[in-house]
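Summary of structural features
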Amino acid sequence: QVQFVESGGGLVQPGGSLRLSCTTSGFTFSSYGMSWYRQAPGKERELVASITSTGGVTNYADSMKGRFTISRDNAKSTLYLQMNSLEPEDTAVYYCTTVLLGKRYWGQGTQVTVSS
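These remarks concern the structure in this document. Given the structure is predicted, the values throughout are model-derived calculations rather than measurements. Every chain begins its residue count from 1, and numbering advances along the sequence as written. Given that the model is predicted, a residue must reach a pLDDT of at least 70 before its local features are reported, and side-chain atom pairs must reach 80 or more before they are shown or counted; all residues, however, enter totals for whole chains, interfaces and linings. Side-chain measures were taken over the full set of non-hydrogen atoms in the model, leaving aside hydrogen atoms and water.

Below, the discussion takes up the pattern of salt bridges. Side chains that carry opposite charge are capable of pairing whenever their charged atoms lie near each other. By definition here, a salt bridge exists when the distance from a side-chain nitrogen of Lys or Arg to a carboxyl oxygen of Asp or Glu is within 4 Å. Inspection of the entire model under this criterion finds four salt bridges. Between arginine 38 and aspartate 90 there is a salt bridge, with its nearest N and O atoms 2.9 Å apart. In this pair, arginine 38 is assigned in strand E4 (residues 34-39) and aspartate 90 in the loop between strand E8 (78-83) and strand E9 (92-100), connecting sequence segments 52 residues apart. Between arginine 67 and aspartate 90 there is a salt bridge; the shortest N-O distance is 2.7 Å. Taken together, the residues arginine 67 in the loop between strand E6 (58-60) and strand E7 (68-73) and aspartate 90 in the loop between E8 and E9 connect sequence positions 23 residues apart. Think of it in three bands: residues with accessible area under 20% of the maximum for their type are buried, residues over 50% are exposed, and the middle band is partly exposed, with areas taken using a 1.4 Å probe on protein chains only. For arginine 67, a relative accessible area of 11% corresponds to the buried category. For aspartate 90, a relative accessible area of 1% puts it in the buried group. Here the salt bridges do not stand alone but share partners, grouping Arg38, Glu46, Arg67 and Asp90 into one network. To qualify as a helix, a DSSP run of H or I must reach at least 4 residues; to qualify as a strand, a run of E must reach at least 2; elements of each kind are numbered from the N terminus.

Right, here's the structure in full:
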């Protein structure tokens, strides 16, 4: 059974940092590229960042470049998102995801709230 469990969200002040984790099971994590998406209230889900199976190539949405870093630990089957210089506009539920055999899988998400 494929499972993704996100954690690490919370309430943080503007300019602060958070590190999200996505612990996975049920598939060969090291064989698949992974992504983080987010969904803010009233908005569509959007891509935050993606990483290849080996971690050698990463991509970011323009608004996250220079502030967010995606990484992975294949030995632990875990995906990470380091978020720095957080802004109120970063408030959203953050999800990890990948596509396995043509089907996209999502975790339950972790809430990030940036507010003073």
